[in-house]
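# Per-entry structural report
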Amino acid sequence: MQEGILESERCNVTQIFETREEWLQAAVDAQRDVFKERTGLAIPDVRAGIGYMSKGMRSKAVGETLRPDAVADGRSEITIRIDQSDPETVLAILGHEIIHAVMNATGGDTRNPAKPSKDGHGVRFREAFTRYGYSGDAKMCEPGDALRAEYAALAKSLGNYPAAPITLADARKKKQTTRMLAFHCDKEEGGCGYAVSTTRVHAERAMPVCPDPRCPKFMESMLPKTRKCNENGEEE
């Protein structure tokens, strides 16, 4: 009977790790023996960390593995996307990327360092993917029931994943540094309705005036544009 991940001597981990990189590296080492037993392949020397994908923060990929020849010290580089914080999900992604690192150890596409290997998610990858315990589409990170249970136990043994949830959509939002003020040539006062926005600094220096020579209020100061609300306080 094959031993599970937690029965491996390498997996007697009780420490609560301070960083995600330490947690991930311990997770890689914890899988070495059982991965070799199930697939017949050895996990190479890899470095695991978190960050954005090589295509940037808008990439939909949740994990990526760079080949050894793309890294100065010759180690495959595994990156888990920074917004992944559920430990079992992180382990499932990590396991998928470990298989890419194993494939990389036998060569890769020299034209594209970010491409996992010449095999991609092909026959060799799918064979190791299935033997290790994953199921479904090899492009996904879906462990089978047995591997999922092992990852749940491994996550518990590694302690809390040292990361807080991150929402990339919020991280992409640019902080507004300048508040613009709106002015208009009020139609209700006989104006033409011309509108313009400017900063508070500029408005305090000189109030905007209506620039339309056809307007009865030509060159008169425009009024600050205010929001009109109904009796319920709702904007009209």
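In this report, we go over the structure that sits alongside the text. (Residues numbered from 1 in each chain as written. Predicted model: local features only at pLDDT ≥ 70, side-chain atom pairs only at ≥ 80, totals over all residues. Heavy atoms only, no water.)

This part takes up the packing of helix 1 (residues 20-30) against helix 5 (residues 145-158). Here helix 1 crosses helix 5 at 130°, and the two axes come no closer than 11 Å. Overall, the two elements helix 1 and helix 5 adopt an arrangement that is oblique. In this structure, helix 1 meets helix 5 at a crossing whose hand is right-handed. In this structure, helix 1 contributes W23, A26, A27 and A30 to the contact, and helix 5 contributes L154, A155 and L158. (Axes fitted to C-alpha atoms, helices over the stretch in contact; angles between N-to-C directions. Helix = DSSP H or I, 4+ residues; strand = E, 2+ residues; numbered from the N terminus. Parallel < 35°, antiparallel > 145°, perpendicular 65-115°, else oblique. Left-handed = near helix turned anticlockwise from the far one by under 90°. Contact = heavy atoms within 4.5 Å.)

Our next topic: the nonpolar core. W23, L24, I78, L91, L94, I98 and L158 are the most contacted members of the largest nonpolar core, which has 35 residues in total. Elements supplying a minimum of two residues to this core: helix 1, helix 2 (32-39), strand 1 (46-51), strand 3 (76-81), helix 3 (87-104), helix 4 (123-132) and helix 5. The element contributing the most residues to this core is helix 3, with nine residues. Apart from the residues within four sequence positions on either side, I78 is in contact with V46, R47, A48, G49, E64, T65, L94, E97, I98 and A101. The next biggest cluster of nonpolar side chains, apart from the first, holds six residues, and it includes C185, A203, C210 and C215. (Core = buried A, V, L, I, M, F, W, Y, C linked by side-chain atoms within 4.5 Å. Buried < 20%, exposed > 50% of the residue type's maximum accessible area, 1.4 Å probe, protein only.)

Once that is clear, we can look at the pattern of salt bridges. A side chain of one charge can pair with a side chain of the opposite charge when the charged atoms of the two come close. This model, assessed by the stated rule, comprises 10 salt bridges. Among the salt bridges present, the one from R38 reaches E150, with a minimum N-O distance of 2.6 Å. Remark: E150 occurs in helix 5 and R38 occurs in helix 2; sequence separation between them is 112 residues. Neither R38 nor E150 differs from the other in exposure class; each is buried. In this structure, D83 engages R81 in a salt bridge whose closest nitrogen and oxygen atoms are separated by 2.7 Å. We classify D83 as buried; its relative accessible area is 17%. Looking at R81, the relative accessible area reads 13%, which means it is buried. Each of R47, D73 and E77 takes part in one network of salt bridges that share partners. (Salt bridge = Lys/Arg side-chain N within 4 Å of Asp/Glu carboxyl O.)

Glancing now at helix 4. If you check which residues of helix 4 are buried, you get F125, A128, F129 and Y132. What you see down the axis of helix 4 is that its buried residues fit within an arc of 105°, all on one side. With respect to the buried face of helix 4, the exposed residues turned more than 90 degrees away are V123 and T130. Tucked inside the fold, the buried residues of helix 4 contact helix 2, helix 3 and helix 5. The positive-phi residue at the C-terminal boundary of helix 4 is G133, with phi of around 130°. (Arc of directions from axis to C-beta.)

Here the focus is the sheet that holds strand 1. Pairing within the open sheet is mixed, and its three strands lie in the order 1-3-2. This sheet does not close on itself; its edge strands, each paired only once, are strand 1 and strand 2 (63-66). Averaged over neighbouring strand pairs, the angle between their axes works out to 20° when direction is ignored. With four bridges joining them, strand 2 and strand 3 adopt antiparallel strand pairing. Of the residues in strand 3, the one forming a bridge with G63 is I80. (Pairing = 2+ DSSP bridges.)

Remember that the coordinates give geometry; whether it matters functionally is a separate question.
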